[in-house]
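An overview of the molecular structure
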Amino acid sequence: MKPNLLIVGNATPRMMEQLGDRFAIHKLSEIGDLAAFLKEKGDSIEAIATNGHDGVKPALMAGLANLKVISCFGVGYDAIDATSAAERGIVVTHTPNVLNNDVANTAIMLMLAVSRCLVRDDNWVRSGKWKSQGNAPLTRSIEEKPVGIAGMGRIGQKIAEKLQAFSCDVAYHSRHEKPDVPYRYYGDLTAMARDVDYLVVITPGGAATHHLVNRQVIDALGPEGTLINVARGSVVDEAELVKALEEGRLGGAGLDVFENEPDVPRPLLGMDNVVLTPHVGSATVETRQAMGDLTVENLVRFFAEGKVTSPVPECAGLPEAK
Ligand code: 8YV
C-alpha cells in the first residue's frame, strides 16, 4: 500500500513524477469540501508536501491525526508550526543549502540594480530618452561600501562571501555573535544600520523577527541608505518602509518579498529608487530542481528508511532526524 500524501500548493512536474510512483497523491487544490475530505480521508494521510508560502494551516494539521512527515519546498518554514509538529512527533523537513547561491545572488543583484539604477536606465534606452535627453544621470557604486547583513545563517554567510568580490566592508547582526564568522558583529541592529550604506535582510521569518526592521532601524539607515530584503516580508514594517521612502528618509530599496504577497503597496509601484521582484530569490531552473529533489528525497527516505535528510531544527530531537 502506497502511503497517502497530501500536496499543498504546487509541485513541479518532475516532483509529481517522482512522487507518483511511491505515494497515493491528493492535491489540496483539487479538494472541494475540505471538511468532508478530512472526515473521510483525514486519518489516512501520513505525509504532506508543501512550500514556504502555503505552509500547513493549523486547522489542516489538526485534522490529520496520523500525519507523520511534512516536507517543505523551501528553506523558510515560518508558515508551518514546527514546534507543535515536533510535539506531535511529526518531522518537518526543508531545503537548506541548495538555494544559498541563488538567493545570495538575488540580494547582490538587487543591490546593484538599485545603486546602478538598472530599471531607470533600461527605460532610458527603451523610451528614447537616450536620444532625446542624452546620457542618463550618474549612479552609485557598491564597490568598497559598508554593508550590514541582518541574519548570518547559511545564506547570510554566502552573501558576505560574495560581497568580498566588491571589496565591501561587511558587518552583521544576529541574536548571537558567531565565533567562526570573520565580520564585525553588532548586537544592536539600529547601531549597525547607522554605520552602513546597505542593510541586507536575510533572517528567518516568524514571530521572533516580526517587524525587526522598524521605523527606528529604517531611520538609522537614512536618506543615503538602501534596504534589501530577500528574507520574508514580515521582517520589515512595510507601512513604515513606504512612509520613509515617500518622505525621503530612506534612500532606496530592493525588495523580493512583501508582507501580503502577491499584494505590493501601491506607492512602491511609482518609485524610481525602488526595485521590486516577485519572490524569486531561489527561482532558477537549477535551484528549483535541486529543491524539488530534496523535498522528494525527504519523503521517500522517511518511508523507506525511517530517516530524513534535512529536518528543521525544531524536529532535530525526533528519531527520524538523527
Ligand atoms: C520559495 C523561499 O519561494 O526557500 C524559501 O524560503 O522563500 C522560496 O524558495 C518558498 O518556499 C515558496 O515557494
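Because the structure is a prediction, the values reported are computed rather than measured.

**With respect to the pairing of strand β3 (residues 45–51)**
When a strand is regular, its side chains alternate between the sheet's two faces. Burial within β3 is extensive, with six of its seven residues counted as buried. By the bridge criterion, four bridges tie strand β1 (residues 4–7) to β3 in an arrangement that is parallel. In the sheet register, N4 faces β3, and the bridge partner there is I45. Relative to strand β4 (residues 69–73), β3 runs parallel, the two sharing five bridges.

**So, the sheet that holds β4**
Reading across the sheet, the five strands line up as β2-β1-β3-β4-β5 and stay open at both edges, with parallel pairing between neighbours. Looking at strand neighbours, the two that pair on one side only are β2 (24–27) and β5 (91–93), the edges of this open sheet. This sheet shows a mean twist of 20° between the axes of neighbouring strands, independent of strand direction. Pairing of β1 with β2, which is carried by four bridges, proceeds in the parallel orientation. Across the sheet, residue I7 finds its bridge partner in β2, namely K27. Contacting β1, β2 and β4, helix α1 (residues 13–20) crosses the sheet at an angle of about 140° to β2.

**Considerations on the packing of helix α5 (residues 100–115) against helix α8 (residues 154–163)**
Across the interface, α5 lies against α8 with an axial gap of 9 Å and an inter-helix angle of 55°. In terms of orientation, α5 and α8 fall into the oblique class. Where α5 crosses over α8, the two elements pack in a sense that is right-handed. Of the residues in α8, those touching α5 at N100, N101, V103, A104, N105, A107, I108 and M111 are R154, I155, K158, I159, K162 and L163. The residue inventory of the contact of α5 with α8, partitioned by class, reads eight nonpolar, three polar and three charged.

**Remarks on the layout of surface pockets**
The volume enclosed by the second largest pocket comes to roughly 370 Å³. Taken together, 19 residues line the second largest pocket, and the ones lying closest to its centre are S115, R140, Y198, E224 and T226. Taken together, the residues of the lining of the second largest pocket sort by class into five nonpolar, eight polar and six charged.

**Some points on the pattern of salt bridges**
In this structure the tally under the stated criterion is 14 salt bridges. A salt bridge links R301 to E305, with the shortest nitrogen-to-oxygen separation between them at 3.0 Å. With R301 and E305 both in helix α13 (residues 285–305), this residue pair falls four residues apart, about one helical turn. Several salt bridges share partner residues, and in doing so they unite R215, D219, E240, K243, E247 and R249 into one network.

**Notes on the domain arrangement of the protein chain**
By the assigned domains, the protein chain splits into domain 1 (4–98 + 286–321) and domain 2 (100–276). Here domain 1 and domain 2 have C-alpha centroids that lie 32 Å from each other. On the domain 2 side, the residues contacting the ten residues of domain 1 number eight residues. Summing both partners gives a buried area of about 690 Å² for domain 1 against domain 2, and 39% of it is carried by carbon and sulfur. When the buried surface of domain 1 facing domain 2 is broken down by residue, H53, D78 and N97 rank first, second and third, together holding 57% of it. One can count one salt bridge joining domain 1 with domain 2.

**Details of the environment of I25**
In this structure, I25 sits in strand β2. With a relative accessible area of 27%, I25 lands in the partly exposed category. Along the backbone, I25 and M152 are 127 residues apart, and their C-alpha atoms lie at a distance of 38 Å. Every residue in contact with I25, bar those within four places of it in the chain, is listed here: L5, I7, M16, L19 and G20.

**Points about the pairing of strand β6 (residues 146–150)**
Burial of β6 is extensive: five of the five residues sit out of reach of the surface. Residues P146, G148 and A150 point to one face of β6 and V147 and I149 to the other, with burial holding for every one of them. The pairing of β6 with strand β7 (residues 169–173) spans five bridges and is parallel. Across the sheet, V147 pairs through a bridge with V170, a residue of β7. The pairing of β6 with strand β9 (residues 198–201) spans four bridges and is classified as parallel. Across the sheet, I149 pairs through a bridge with V200, a residue of β9.

Cut-offs used in this document
- For every chain, the first residue of the written sequence is number 1, and numbering continues from 1 onward in sequence order.
- It should be noted that, the model being predicted, local features are given only for residues of pLDDT at least 70 and side-chain atom pairs only at 80 or more, the latter also being counted only at that level, while totals for whole chains, interfaces and linings use all residues.
- Only heavy atoms go into the side-chain values, all of them from the structure, while hydrogens and water stay out.
- When accessible area is computed with a 1.4 Å probe and restricted to protein chains, residues below 20% of their type maximum are described as buried, those above 50% as exposed, and intermediate ones as partly exposed.
- Here a helix means four or more residues in a row that DSSP labels H or I, a strand means two or more in a row labelled E, and each is numbered from the N terminus.
- Note: two strands are recorded as paired if DSSP finds a minimum of 2 bridges between them.
- Between N-to-C directions, angles cover 0 to 180 degrees, with each direction set by a line fitted to C-alpha atoms, over the stretch in contact for helices.
- Contacts are residue-level and defined by heavy atoms, with any inter-residue pair within 4.5 Å sufficient.
- The scheme is simple: roughly parallel for angles under 35 degrees, roughly antiparallel for over 145, roughly perpendicular for 65 to 115, oblique for anything else.
- Crossings are assigned a handedness: left-handed for a near helix turned anticlockwise from the far helix by less than a right angle, right-handed for a clockwise turn.
- Throughout this entry, Asp, Glu, Lys and Arg are counted as charged residues, while Ala, Val, Leu, Ile, Met, Phe, Trp, Tyr, Cys and Pro are counted as nonpolar. The remaining residues, Gly among them, count as polar.
- Cavity and pocket criteria rest on a 1 Å grid covering protein atoms alone: a 1.4 Å probe that fits but cannot get out defines a cavity, protein on both sides within 12 Å along at least 5 of 7 lines defines an open pocket, and an atom within 4 Å of a point defines a lining residue.
- Grid points are joined across faces, edges and corners, and a volume is the space filled by probe spheres set on the points.
- We count a salt bridge whenever a side-chain nitrogen from Lys or Arg sits within 4 Å of a carboxyl oxygen from Asp or Glu.
- An automatic or database domain assignment is the source of the domain bounds shown.
- Buried area is calculated as the accessible area (1.4 Å probe) missing from two parts once they are joined, with the contributions of both summed.

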